[in-house]
Amino acid sequence: MPTVELRFSAQPEHVRTARLVAAAVARRAGVDEAVLDEVRLAVGEACSRAVGLHRSHDITAPVTVVLIEDEKAFSIEVGDGHLAAGSGTSAEGVPGGGPDVPETEADTEDEMGLAVISGLVDDVEVRTGADGGVIRMTWPTTPAVALP
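Residues numbered from 1 in each chain as written. Predicted model: local features only at pLDDT ≥ 70, side-chain atom pairs only at ≥ 80, totals over all residues. Heavy atoms only, no water.

## Concerning the overall build of the protein chain
Put simply, the rule reads: Secondary structure elements follow DSSP: runs of H or I of four or more residues count as helices, runs of E of two or more count as strands, with numbering from the N terminus. Relative accessible area decides the class of each residue, using a 1.4 Å probe on protein chains only: under 20% of the type maximum gives buried, over 50% gives exposed, and in between gives partly exposed. Contacts: residue pairs with any heavy atoms within 4.5 Å of one another. Residue burial considers only the protein chains on display, and all accessible areas are found by Shrake-Rupley using a 1.4 Å probe.
Scanning the protein chain from N- to C-terminus turns up three helices and five strands. Along the protein chain, from the amino end to the carboxyl end, the secondary structure elements read β-α-α-β-β-α-β-β. Classification of the 148 residues of the protein chain by burial places 41% in the buried group. Here the contacts in the protein chain between residues at least 6 apart in sequence split such that 65% fall between residues at least 24 apart. Here the protein chain has roughly 8500 Å² of accessible surface; of this, 54% comes from carbon and sulfur atoms.

Quick look at the structure:
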């Protein structure tokens, strides 16, 4: 199971690099060419979201992007160090601290970012924990055909 890991400081200019690397690794892993634009867009959205969370909460830890190639799937995990008090992600993957916590502009942008990602990727998992959040996106791969 080949894995590539990127770590970058929470600067918007690094998002483009993450998109390019993700598309190159996805192509090598066997993700269908027709889906590569969706991979780029989804990774860009997830990384932009992580950069925004880091910057709005003064988190100095790097944003992480882990690209995982399995036998039949290619996954990308974008991790952030977002640990704002009262925030989190519900079981449905919707950010917020519950019905009594007012939404901020950042929460609205976060929800919109997750909605965009969900529209681009069929298999999305959003997790939060003590170390921050992770968005895991998975695409099917086609096995390489051996030529005689």
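## Examining the packing of helix α1 (residues 13-29) against helix α2 (residues 36-56)
Packed helices, taken two at a time, are described by the angle their axes make and the gap between the axes. Threshold: Fitted lines through C-alpha atoms serve as axes, helices being fitted only where they are in contact, and the angles separating the N-to-C directions of these axes extend from 0 to 180 degrees. By the definition used in this description, the sense in which the near helix is turned from the far one sets the handedness, with an anticlockwise turn below a right angle giving left-handed and a clockwise turn giving right-handed. Nonpolar residues are Ala, Val, Leu, Ile, Met, Phe, Trp, Tyr, Cys and Pro. Charged residues are Asp, Glu, Lys and Arg, and all others, Gly as well, are polar.
It is at 9 Å that the axes of α1 and α2 come closest, and there the two elements cross at 145°. In the packing of α1 onto α2, the handedness of the crossing is right-handed. The segment α1 lies against α2, with V15, A18, R19, A22, A23, A26 and R27 engaging L36, V39, R40, V43, G44, C47, S48 and V51. Its residues assigned to classes, the contact of α1 with α2 comprises 10 nonpolar, two polar and three charged.

## Some words on unusual backbone geometry
In this model, D58 sits at a positive phi of 50°, which is unusual for a non-glycine residue. Mapped onto the fold, D58 is located in the loop between α2 and β2 (63-69).

## Topic: the nonpolar core
Short version of the rule: The criterion is simple. A nonpolar core is a set of buried Ala, Val, Leu, Ile, Met, Phe, Trp, Tyr and Cys residues joined through side-chain atoms within 4.5 Å.
Counting residues in hydrophobic clusters, the biggest one holds 30 residues, and the most contacted among them are V65, F74, I76, V78, M137 and W139. Of all the secondary structure elements, the ones that give two or more residues to this core are β1 (3-8), α1, α2, β2, β3 (73-80), α3 (105-120) and β5 (132-140). When residues of this core are assigned to their parent elements, the largest contribution, eight residues, is made by α2. Excluding residues within four positions of it along the chain, V78 makes contact with A46, C47, A50, V63, T64, V65, G133, V134, I135 and M137.

## Section: the confidence of the model for the protein chain
Definition in use: Per-residue confidence from the prediction method is given by pLDDT, with values spanning 0 to 100.
Taken residue by residue, the protein chain gives an average pLDDT of 82. The fraction at 70 or more is 78%. Scored below 50 in pLDDT, residues 83-102 makes 26 contacts in the model with residues more than four places away or belonging to other chains.

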